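# Coordinates in review
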Amino acid sequence: MHELGITQSIVDIAERTTRKHGGGRVRSVTVEIGELSGVIPDAVEFCFEVCSKGTLLEGARLVIETVPGQGRCPQCQTEQAIDNYSFACENCGAFGLERVRGEELRIKELEVD
Amino acid sequence: MCIDCGCSERTGQAHHHHDHDHDHDGRTIRVEENLLAKNDRLAAANRVRFTRHGLLTLNLVSSPGSGKTTLLETTLRALKDELRFAVLEGDQQTSNDADRIAATGVPAHQINTGAGCHLDAHMVAHGVDHFDLDNLDVLLIENVGNLVCPASFDLGEDSKVTVLSITEGEDKPLKYPQMFRAAAIVIVNKIDLLPHLDFDLDQCRQFIRQVNPQARIFELSCRSGAGMDAWYDWLRAQVAAKRQQAQS
Ligand SMILES: Nc1nc2c(ncn2[C@@H]2O[C@H](COP(=O)(O)OP(=O)(O)OP(=O)(O)O)[C@@H](O)[C@H]2O)c(=O)[nH]1
Ligand SMILES: [Zn+2]
Ligand SMILES: [Zn+2]
Ligand SMILES: [Zn+2]
Ligand SMILES: [Zn+2]
């Protein structure tokens, strides 16, 4: 369950950034979680209330944007939608699909009062 | 506190009881920061440090009980007169593994992660302070027994080594692809038990290749010693390459 640590970094980064920009209360925080990142959005949501308690983010809305997986075949270069369990290219059957998108794990923006 | 006017009201609601000429719609701040950025920064610093010392660093990951500690003990007993090792042991509670390593005469340091299910780069940075890096060739890190989280955390190692024991079933790579994808080396352990199980080694090899075509696979038994020489030779070669890299 490393979602606890991930959620803790959301809160840490958001607080640090807010302070740097003059402080205030955070209304909402938007994060991007790729579907191939190994992080479960529901678990982050679950941890958020606990992690944000007593911080500038207490009561803030957590907006999670999920990014679907996109891969590229090393053989035929076909781009295709992938999940964690896609191993073979849908076009030529080659293994080792390169991940083009879906491993994102970033905090995008904050709305501060 | 409202930063525009400096008044001390805390919530937006209460705030609007008095008059202002500025509006209280939230400001938007772009952040664009990776959530693992802090770990990745520390991992990069570890990597620079290890490289400067010409130190080969391996991060061993697996399910609980696949044989990581046994593999370390066996390897240390075989090679400790030839190469200089140190071992960082990640464990949630106990110091059993570190005690087992210390019994081989190789310096070991225990990192207790408590509730944490993986090691991170910060723990490793402090953990290696217990060793004299100038007098080491190989740093072995035994991660917490867990096939999920350790995949996401770079420790600054040269490679992750995923250990799979054949009692776990051949489909583990398909069930935990992240961990097998993240590893440059996969060790299939406990092959002495092959006659007693209906484990399909060929199938397993194929599954590993599906998830990670580049993985270097070793099939061995810490108990019988089968396949250990190939692993030792690989270690020797890696250490030699690392030394050369540090000198150039
Ligand atoms: N038959 C057989 N048993 C083995 C082999 N290697 C390890 N074992 C046994 O597997 C059990 C677990 O081994 P450990 O080395 O403690 O496993 P580990 O991965 O360090 O376990 P955790 O630290 O708890 O994750 C022990 O009883 C070992 O004796 C092997 O090659 N063959
Ligand atoms: Zn293809
Ligand atoms: Zn162990
Ligand atoms: Zn974890
Ligand atoms: Zn520190």
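The name given to chain B in an unreviewed UniProt entry is Hydrogenase nickel incorporation protein HypB, with Geothermobacter ehrlichii as the source organism.

The name given to chain A in an unreviewed UniProt entry is Hydrogenase maturation factor HypA, and the organism recorded there is Geothermobacter ehrlichii. Entered under Sequence similarities (unreviewed entry) in the UniProt record, the comment concerning chain A runs "Belongs to the HypA/HybF family." What UniProt records for chain A under Function (unreviewed entry) is the sentence "Involved in the maturation of [NiFe] hydrogenases. Required for nickel insertion into the metal center of the hydrogenase."

## Let's talk about the UniProt feature "binding site: Zn(2+)" (unreviewed entry) in chain A
All names here are of chain A. Sites flagged by UniProt as "binding site: Zn(2+)" (unreviewed entry) map to Cys 73, Cys 76, Cys 89 and Cys 92. Spanning 20 residues, the named residues form one tight spatial group whose C-alpha atoms are at most 8.6 Å apart. Within the secondary structure, Cys 73 sits in the loop between β3 (70-72) and β4 (79-81). Non-local contacts of Cys 73, meaning those with residues more than four positions away in its chain, are made with Thr 78, Gln 80, Cys 89, Cys 92, Ala 94 and Leu 97. In this structure, Cys 92 sits in the loop between β4 and β5 (98-101). Not counting chain neighbours up to four residues away, the residues in contact with Cys 92 comprise Cys 73, Gln 75 and Cys 76.

## Structural notes on helix α3 (residues 68-79) of chain B
With twelve residues, α3 of chain B extends 16 Å from end C-alpha to end C-alpha; this agrees with the ideal 16 Å at 1.5 Å per step. Of the positions making up α3 of chain B, those classed as buried are Lys 68, Thr 69, Leu 71, Leu 72, Glu 73, Thr 75, Leu 76 and Leu 79 of chain B.

## Focus on the site of ligand 1
Residue and element names in this part refer to chain B. In the vicinity of ligand 1 there are 18 residues, among which Lys 68, Thr 69, Thr 70, Asp 192 and Cys 222 approach most closely. A distance of 2.8 Å separates an oxygen atom of ligand 1 from a polar side-chain atom of Lys 68. Interatomic distance of 3.0 Å between a side-chain N/O atom of Asp 97 and an oxygen atom of ligand 1. In isolation ligand 1 offers 660 Å² of accessible surface; the protein chains occlude 75% of this area. Looking at the shell around ligand 1, the elements with two or more residues in it are α3 and α4 (96-102). Per element, the largest residue contribution to the shell around ligand 1 is three residues, and it comes from α3.

## Overview of unusual backbone geometry
The phi dihedral of Gln 77 of chain A falls on the positive side, at around 70°, and the residue is not glycine. Residue Gln 77 of chain A is classed as partly exposed on the basis of its relative accessible area of 47%. The phi dihedral of Glu 32 of chain B falls on the positive side, at around 55°, and the residue is not glycine. As for its placement among the helices and strands, Glu 32 of chain B is situated in strand β1 (residues 27-34).

## Quick word on the sheet that holds strand β1 (residues 26-34) of chain A
Ordered by their spatial adjacency, four strands build an open sheet running β2(A)-β1(A)-β6(A)-β1(B), and the pairing between neighbours is mixed. Each end of this open sheet is capped by a strand with a single partner; those strands are β2 (61-67) of chain A together with β1 of chain B. Direction aside, the axes of adjacent strands within the sheet are offset by 15° on average. Both strand β6 (residues 105-112) of chain A and β1 of chain B contribute to a ladder of six bridges, which runs antiparallel. Looking at β1 of chain B, one finds that Ile 107 of chain A is bridged to Glu 33 of chain B. On top of the sheet, helix α1 (residues 3-20) of chain A reaches β1 and β6 of chain A together with β1 of chain B; it is set at about 45° to β6 of chain A, its chief contact.

## Let's talk about the coordination of the zinc ion (ligand 2)
Residue and element names in this part refer to chain A. Protein coordination of the zinc ion (ligand 2) is provided by Cys 73 (SG), Cys 76 (SG), Cys 89 (SG) and Cys 92 (SG), with donor distances spanning 2.3 Å. Coordination at the zinc ion (ligand 2) is tetrahedral, judged from the four donor atoms that bind it and the angles of 104 to 117° they form at the metal. Here the donor residues of the zinc ion (ligand 2) are spaced in sequence according to C-x2-C-x12-C-x2-C. Here Cys 76, found in the loop between β3 and β4, pairs with Cys 89, found in the loop between β4 and β5; they are 13 residues apart in sequence, far enough to count as distant. Using a relative accessible area of 28% as the deciding quantity, one classes Cys 76 as partly exposed.

About the cut-offs
- Residues numbered from 1 in each chain as written.
- Chains lettered and ligands numbered in written order.
- Predicted model: local features only at pLDDT ≥ 70, side-chain atom pairs only at ≥ 80, totals over all residues.
- Heavy atoms only, no water.
- UniProt positions renumbered as here; feature names shortened; annotations may be inferred.
- Helix = DSSP H or I, 4+ residues; strand = E, 2+ residues; numbered from the N terminus.
- Contact = heavy atoms within 4.5 Å.
- Expected span 1.5 Å × (residues − 1).
- Buried < 20%, exposed > 50% of the residue type's maximum accessible area, 1.4 Å probe, protein only.
- Near = heavy atom within 4 Å.
- Polar contact = N/O pair within 3.5 Å; in protein donor to acceptor, adjacent residues only side chain to side chain.
- Areas by Shrake-Rupley, 256 points an atom, 1.4 Å probe, with all protein chains shown as cover.
- Pairing = 2+ DSSP bridges.
- Axes fitted to C-alpha atoms, helices over the stretch in contact; angles between N-to-C directions.
- Donors = N, O, S within 2.8 Å, 3.2 Å for Na, K, Ca; no water.
- Tetrahedral: all angles 85-135°; square planar, octahedral: opposite > 155°, others 65-115°.

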